[in-house]
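Results of the structural survey
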Amino acid sequence: MSIEELARDNVRTLTPYQSARRLGGNGDVWLNANEYPVAVPFELTAQALNRYPECQPQAVITRYADYAGVTPDQVLVSRGADEGIELIMRAFCEPGVDAILYCPPTYGMYSVSAETLGISCRTVPTLDGWQLDLDGIAAQLDGVKVVFVCSPNNPTGQLINPADIRDLLEMTRGKAIVVADEAYIEFCPDASLASWIADFPHLVVLRTLSKAFALAGLRCGFTLGSPEVIALLMKVIAPYPLSTPVADIAAQALTAQGIAAMRERVATILENRLFLMDALRTLPCVEAVFPSETNYVLARITASSAVFKSLWDRGIILRDQNKQPSLSGCLRITVGTRDECQRVIDALNDQPGLTATETQ
Ligand SMILES: *Cc1c(COP(=O)(O)O)cnc(C)c1O
């Protein structure tokens, strides 16, 4: 048997997640991964690395619990929110038996993690305005152990109606876990569902330091849930998921000062988002700019693939969403610095040779 043939079937057929750093490109304007555009300073305080780190560093857990308005026994810290997604599946889904359910267009890691683990995926496409099709979900729930809802949704940018999430939680009580992915909640903090965990022990909320906290390179995320859920996830997590330097920097990011700095960054991004959206709406090649509660903007653009390539060639890297259901012609643009937003606008303004035939 070849090495390839020795591998599991689901791994052989797997298409890995097209992460920002895997896609390549020689950009100098990186607007494809919803990162914060400038590096924030940090300093390591813990010097010793001879000992294994704490599995769940206490300072990180208590500070995050404070910040999120939950108790420490409702918090799990992991190597990014992406690890949280996988831990939930490993704890709740029997490979080959149970399924997960999600509602495209949405974040790509739910299917990648499920396929890697041999867990099947059910999809219930969203309705107009990318809201949940609750009847469609109800009809597909048999055998589903985990339902993923991303709110605000990546890549569309809007919140999922809280009343619909409440209906979903009623529908799934005693049957399935509902995961609310709140990776972008710092850009619309009032919309968080974290306070609902007390009423719905099957609700799990995902958070991250990768977006508003400007620490995507740190790899640190959080899962919030009832103490029973957290205890189950603790059984399947690696013994030392966070290195000592990661825990050190995460604890600093979650001090009062760190949180205040995060809120200032959010205010800056919201100003830049307004600037970007207003400017996009004036451009002839832009057909629609969708509302956003996040640090990115989805826009429908005439001849979007050609425009994507043209900007790519100029070193401006966006995310092409054309292949996602209901997103034909759509590009996702991360809100960068004011200067980066201007570079996008200038480049879109300067699209030569978009003739009638090419724009069909
Ligand atoms: C960025 C993102 C994540 C992953 O966050 P990490 O903490 O960097 O792993 C999870 N969910 C959504 C919707 C995201 O956009």
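Above this text sits the structure in question.
Residues numbered from 1 in each chain as written. Predicted model: local features only at pLDDT ≥ 70, side-chain atom pairs only at ≥ 80, totals over all residues. Heavy atoms only, no water.

Glancing now at the sheet that holds strand β3 (residues 99–102). Read from one edge to the other, the open sheet built from 7 strands follows the order β2-β8-β7-β6-β5-β3-β4, with strand pairing classed as mixed. In this open sheet, the two edge strands, each paired with only one partner strand, are β2 (75–78) and β4 (120–123). Across the sheet, the mean angle separating the axes of adjacent strands is 25 degrees when strand polarity is ignored. Inspection of the sheet shows β3 paired to strand β5 (residues 144–150) by 4 bridges, in the parallel sense. Paired with Y102 across the bridge in β5 is F148. Strand contacts of helix α3 (residues 58–68): β2, β7 (203–208) and β8 (221–224), with the helix running at about 120 degrees to β2, the strand carrying the most contacts. (Pairing = 2+ DSSP bridges. Helix = DSSP H or I, 4+ residues; strand = E, 2+ residues; numbered from the N terminus. Axes fitted to C-alpha atoms, helices over the stretch in contact; angles between N-to-C directions. Contact = heavy atoms within 4.5 Å.)

Using the criterion set out here, one finds 11 aromatic pairs in the structure. On the numbers, 4.2 Å between centres and 10 degrees between planes, the contact of Y52 with Y240 is stacked. In this pair, Y52 sits in the loop between β1 (29–30) and α3 while Y240 sits in the loop between α8 (227–236) and α9 (244–253), placing the two residues 188 residues apart along the sequence. With a relative accessible area of 40%, Y240 lands in the partly exposed category. Arranged with centres 6.3 Å apart and planes meeting at 55 degrees, the rings of Y102 and Y110 form a pair that is tilted. Look at Y102 and you get buried, because its relative accessible area is 11%. By relative accessible area, which is 0% here, Y110 ends up buried. (Phe/Tyr/Trp six-rings, centres within 6.5 Å; stacked < 30°, edge-to-face > 60°. Buried < 20%, exposed > 50% of the residue type's maximum accessible area, 1.4 Å probe, protein only.)

Turning to the pattern of salt bridges, a few remarks are in order. With the rule as written, the count across this model stands at 9 salt bridges. For the salt bridge of D313 with K309, the shortest nitrogen-to-oxygen distance reads 2.9 Å. Here the residue D313 and the residue K309 both occupy positions in helix α11 (residues 304–313), the gap between them amounting to 4 residues, near one helical turn. On the basis of relative accessible area, K309 is assigned to the partly exposed category, the value being 48%. (Salt bridge = Lys/Arg side-chain N within 4 Å of Asp/Glu carboxyl O.)

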